[in-house]
Amino acid sequence: MIKRIGVLTSGGDAPGMNAAIRAVVKAGMKNNIEVYGVYDGFRGLVEGKIEKLDYHSVNDKINRGGTFLGSARLSEFKDEKVRQVALEQLKKFGIEALVTIGGDGTYMGALRLTEMGINCIGLPATIDNDIASTDFTIGFDTAINTAVDAVDKLRDTSNSHQRCSIVEVMGRYCGDVAIATALATGAEMVVTAETGFDLQKVLDTAKQCCEMNKRHALFIFTEHITDVYELAKKVEAYSGFETRATVLGYIQRGGSPTARDRILASRLGVKAVELLINGEGGKCLGIINNEITAIDIKEALEMKKTPLAKFAHIVELLS
Ligand code: ATP
């Protein structure tokens, strides 16, 4: 039976990470396992920024955004020699297994460490919802609620001034934040990498909205599709609809996690400890049809994400 495990958060921070750490610490301690927090992800692991956690460490954390352990990116972790240093740190602290909370890059780090003899369990946490092996990642629900709240506010002012709004949300390579936000805010159109970007369609839709004398028109874009400020100028010139662009940016990563994210994080954290107690490693957890799942990280990384883009047509149907 293992006696000591570690927990770290890595990659981009996501609301609900704290709830996941809390679950790991509490579930570990209830099973007579000591839990050590590794600060600043794999970087902190290599540097030995490791400290024992207890009930007090996770007091008043379930409701907090960000991650109190801190997060970092360390591309050098791909180098086996660097991971060897991490392994020595784990040995020094007597840590036998690790829960890693982050995105698919973090899964890779966890897989490599498992191959080197330290059982790791990966928890999916990223606001982008870009992990194929789970329906939802920790942080996604909070991020879309933040985006919806912001777009609702933009709608108030745009409606008052009869304006068209182009809003850019986060998502990098996955349009799920955009699709969910567009569906929940009643947008005219959503543009993501999966839907493709048809400039003429955007211009024509805006013109149509203007001709229909709509008080407000809303277009949701995923980041990295186009320069939305330049697009707003084109839309206004073509359609005659006064247009403003807004980039929501990092506010989408922060804030108190929603109940859904806290619950997901708690369930995943408990399951991770169970698996480590059973001597399992190299696995990542997810939620599929409301059941917590555990599959090999290798298999998970080969899976193809089913993006929410399959619902994009509903946005246009209801526009
Ligand atoms: P997000 O989706 O928020 O970006 P992520 O976990 O995918 O989260 P990354 O920066 O891709 O974020 O990965 C986090 C960390 O995992 C990296 O900084 C690195 O330390 C480690 N990592 C990523 N890829 C590998 C790999 N191939 N081998 C070993 N470690 C890796």
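Overview of the structure. These figures come from a predicted structure and were not determined experimentally.

**Some points on the state of the cysteines**
Put plainly, a disulfide is one covalent bond tying together the sulfur atoms of two cysteines. This model, assessed by the stated rule, comprises 0 disulfides. Cysteine 284 carries a free sulfur, and the closest cysteine sulfur to it, the one in cysteine 120, is 12 Å from it.

**Quick word on the sheet that holds strand β10 (residues 283-288)**
Taken together, 7 strands build an open sheet; the order of strands is β3-β2-β1-β4-β5-β10-β11 and the sheet is mixed. Looking at which strands have only one partner, the edges of the open sheet turn out to be β3 (50-53) and β11 (291-296). Strand-to-strand, the axes of this sheet are offset by a mean angle of 30°, without reference to chain direction. Bridging between strand β4 (residues 97-102) and strand β5 (residues 119-124) involves 6 bridges; their strand directions are parallel. Across the sheet, valine 99 pairs through a bridge with isoleucine 121, a residue of β5.

**Here's the deal with the sheet that holds strand β8 (residues 216-222)**
Sheet architecture is open: 4 strands sit in the order β7-β8-β6-β9, paired in parallel fashion. The sheet is open, and its two edges are formed by β7 (189-191) and β9 (243-247), each paired on a single side. With direction set aside, neighbouring strand axes in the sheet form an average angle of 20°. In this sheet, β8 lies alongside strand β6 (residues 163-169) in parallel orientation, the contact comprising 7 bridges. Each residue of the ladder has a partner; that of cysteine 164, found in β8, is alanine 217. Each of β6, β7 and β8 is contacted by helix α6 (residues 176-185), which is oriented at about 165° to β8, the strand it contacts most.

**Considerations on the site of the ligand**
Contacts to the ligand come from 18 residues, most closely from Arg73, Leu74, Gly103, Thr106 and Arg172. Glycine 103 is positioned such that a nitrogen or oxygen atom in its backbone is 2.9 Å from an oxygen atom of the ligand. Here the ligand has 620 Å² of accessible area as a free molecule, and 87% of this is covered by the chains. Given that more than half its atoms are within 2 Å of the pocket grid, the ligand belongs to the largest pocket. Ranked by the residues each element gives to the shell around the ligand, the list is headed by helix α4 (residues 104-115), at 6 residues.

**Quick word on helix α8 (residues 228-239)**
Here α8 contains 12 residues, and its C-alpha end-to-end distance of 16 Å stays within 8% of the 16 Å for a straight helix at 1.5 Å per residue. For α8, every residue scored as buried is listed here: Val228, Leu231, Ala232, Val235 and Ser239. In an axial view of α8, the angular spread of the buried residues amounts to 105°, which keeps them on one side of the axis. Turned more than 90 degrees off the buried face of α8, the exposed positions are Lys233 and Ala237. Its buried side turned inward, α8 meets β6, α7 (199-211), β8 and β9.

What counts and how
- Residues numbered from 1 in each chain as written.
- Predicted model: local features only at pLDDT ≥ 70, side-chain atom pairs only at ≥ 80, totals over all residues.
- Heavy atoms only, no water.
- Disulfide = S-S within 2.5 Å.
- Pairing = 2+ DSSP bridges.
- Helix = DSSP H or I, 4+ residues; strand = E, 2+ residues; numbered from the N terminus.
- Axes fitted to C-alpha atoms, helices over the stretch in contact; angles between N-to-C directions.
- Contact = heavy atoms within 4.5 Å.
- Near = heavy atom within 4 Å.
- Polar contact = N/O pair within 3.5 Å; in protein donor to acceptor, adjacent residues only side chain to side chain.
- Areas by Shrake-Rupley, 256 points an atom, 1.4 Å probe, with all protein chains shown as cover.
- 1 Å grid on protein atoms, 1.4 Å probe; cavity = no way out; pocket = protein on both sides within 12 Å on 5 of 7 lines; lining within 4 Å.
- Sits in = over half its atoms within 2 Å of the grid points.
- Expected span 1.5 Å × (residues − 1).
- Buried < 20%, exposed > 50% of the residue type's maximum accessible area, 1.4 Å probe, protein only.
- Arc of directions from axis to C-beta.

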